[in-house]
Amino acid sequence: MLKNLIKFIIGFIFFLIIQFCKFFINIRIGKFPSSRIGPFITSVEILAARKKELNINSFDIWSHNKAEEPNKFLGKMVSREIKFISHYIFSFVEYFFNVLNIKEYKKTFFLIPYTRDTMNLFDKYSNFLKFNDDEIHYAKKILDKNKIDFSKKIVCLNVRDSAYLKDLFPGKHMSYHDRRDAEVNDYLDVIKYLVSKNYLVIRMGKKMKHEVNFNHENFIDYPFASFKEDFLDIYFGYVCNFTISTGSGWDSVPFCFRKPILYTNMSSISKIQLSSKRFMTTFKLAKNKKGDLMNIKELLLNDLKYISNIYSDNNNVFSDTNFVNNSPEELLEATKEFLNYIENYSLNPTQKRFQEKFFESYDPSLVKDIYGEQAHSKKIKGVISSTFLEKYEKNLF
């Protein structure tokens, strides 16, 4: 009882201090998403882009638990743009609001760390997070020491499996993420094709289940490399020419550095990236309990049902859903299509036809973020792989 009273009083004091400061400066406070790499980097870029676009002149302070940082170098980089305070300060002020039960005022008092580019700002503004000269020099030193030829075009390959979250949250139930997993060796044809075109392919990941069954001077299985470190986790996403990913946290790094991304094996069709012309997507098919492939509308509604139920104790919405991964052939065809597309970001007549057909069935306005706001941008720029849509045209539409 005494402990809670002290928390309330301290929260009230900090609330008064912040309110007093508002008479002199537009000060704002929020809780920064510190534990996962995706929100940790994306929130910075979206906050900065929104402030620039909306001409907001404010002094923002963010509650932050440094011990939770997913990447120590990224924490250093982010702290150059974000003003952090102890997470205890936020928790005290939040407790004060919760005791008084003033929910509506709480919504406007605290900053929201958005992670979706709903205003299409990433195509308008360049990245705000930067590597300084010393860091670039350090990167060159590491690469030279390990005989990595960065004169070649670089592709980062990010294929999710369950090893990282199991290591990060031991003992915690995380199996609801398993539908997002893919088998990295299904990407062997993609890797071989890219290295044959003299690309340097870097398979990304902090902790992965197993190595890729491939050796080549133009391929680096980075999760198992002796020189792996937090700095390079971010640097590779900064210098790559493009990324092929399955939609996991790390691809937020090239996303924020404005790199083209081919999203493959996306299991959550509601959260595909559509805000920038730099994105192309293929997604996992799904079968219902009868064994029939779901169409676009069914896939979207099924995914939205799952997301709304994801943290419930009786989450069994996917017990009758069988996901079908993209085949090696489909991945290779999507890669070739993507390479042609990013040369000038223009669509041929077949691609245009399938984009129109897809969005006749897919309603972006149905998708909300965790704050209940629209998750997709008003202007849809991202594209869906037409080679994939054409192959399954009879099933999906």
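This section reports on the structure supplied with the text. (Residues numbered from 1 in each chain as written. Predicted model: local features only at pLDDT ≥ 70, side-chain atom pairs only at ≥ 80, totals over all residues. Heavy atoms only, no water.)

1. Remarks on the sheet that holds strand β4 (residues 110–111)
Within a beta sheet, neighbouring strands are joined by backbone hydrogen bonds and run either parallel or antiparallel to one another.
At step 1: Taken in spatial order, the 4 strands line up as β3-β2-β1-β4 in an open sheet, and their pairing is parallel. Both edges of this open sheet fall to β3 (83–86) and β4, since each of them pairs with a single strand only.
At step 2: Strands β1 (27–31), β2 (59–64), β3 and β4 of the sheet are contacted by helix α4 (residues 87–100), whose axis makes an angle of about 70° with β3. (Pairing = 2+ DSSP bridges. Helix = DSSP H or I, 4+ residues; strand = E, 2+ residues; numbered from the N terminus. Contact = heavy atoms within 4.5 Å. Axes fitted to C-alpha atoms, helices over the stretch in contact; angles between N-to-C directions.)

2. As for the sheet that holds strand β13 (residues 383–384)
At step 1: Ordered by their spatial adjacency, 7 strands build an open sheet running β7-β6-β5-β8-β9-β10-β13, and the pairing between neighbours is parallel. Looking at which strands have only one partner, the edges of the open sheet turn out to be β7 (219–221) and β13.
At step 2: Of the strand pairs in this sheet, strand β5 (residues 154–158) and strand β8 (residues 242–245) are connected by 4 bridges, and their pairing is parallel. Counted as the bridge partner of C156 is T243 from β8.

3. Quick look at the nonpolar core
At step 1: Core analysis: the biggest nonpolar cluster contains 67 residues, and Y222, F236, F283, F358, Y362 and L396 have the highest contact counts within it.
At step 2: Element by element, the count of residues in this core is highest for helix α2 (residues 37–53), at 6 residues.
At step 3: Beyond its immediate stretch of four places on either side in the chain, L396 contacts F283, L285, M294, N295, I296, L299, F388 and L389.
At step 4: If you look at the next biggest cluster of nonpolar residues, it comprises 28 residues, including Y187, V190, F219 and L262. (Core = buried A, V, L, I, M, F, W, Y, C linked by side-chain atoms within 4.5 Å. Buried < 20%, exposed > 50% of the residue type's maximum accessible area, 1.4 Å probe, protein only.)

4. Here we look at the pairing of β5
At step 1: Across the 5 residues that make up β5, a large majority, 5, are buried.
At step 2: Burial along β5 is two-sided: the residues I154, C156 and N158 and V155 and L157 are all buried.

5. A look at the side chain of D60
At step 1: Assignment of secondary structure puts D60 in strand β2.
At step 2: There is a polar contact of 3.1 Å between the side chain of D60 and the side chain of K51.
At step 3: A polar atom in the side chain of D60 sits 2.9 Å from the side chain of S58. (Polar contact = N/O pair within 3.5 Å; in protein donor to acceptor, adjacent residues only side chain to side chain.)

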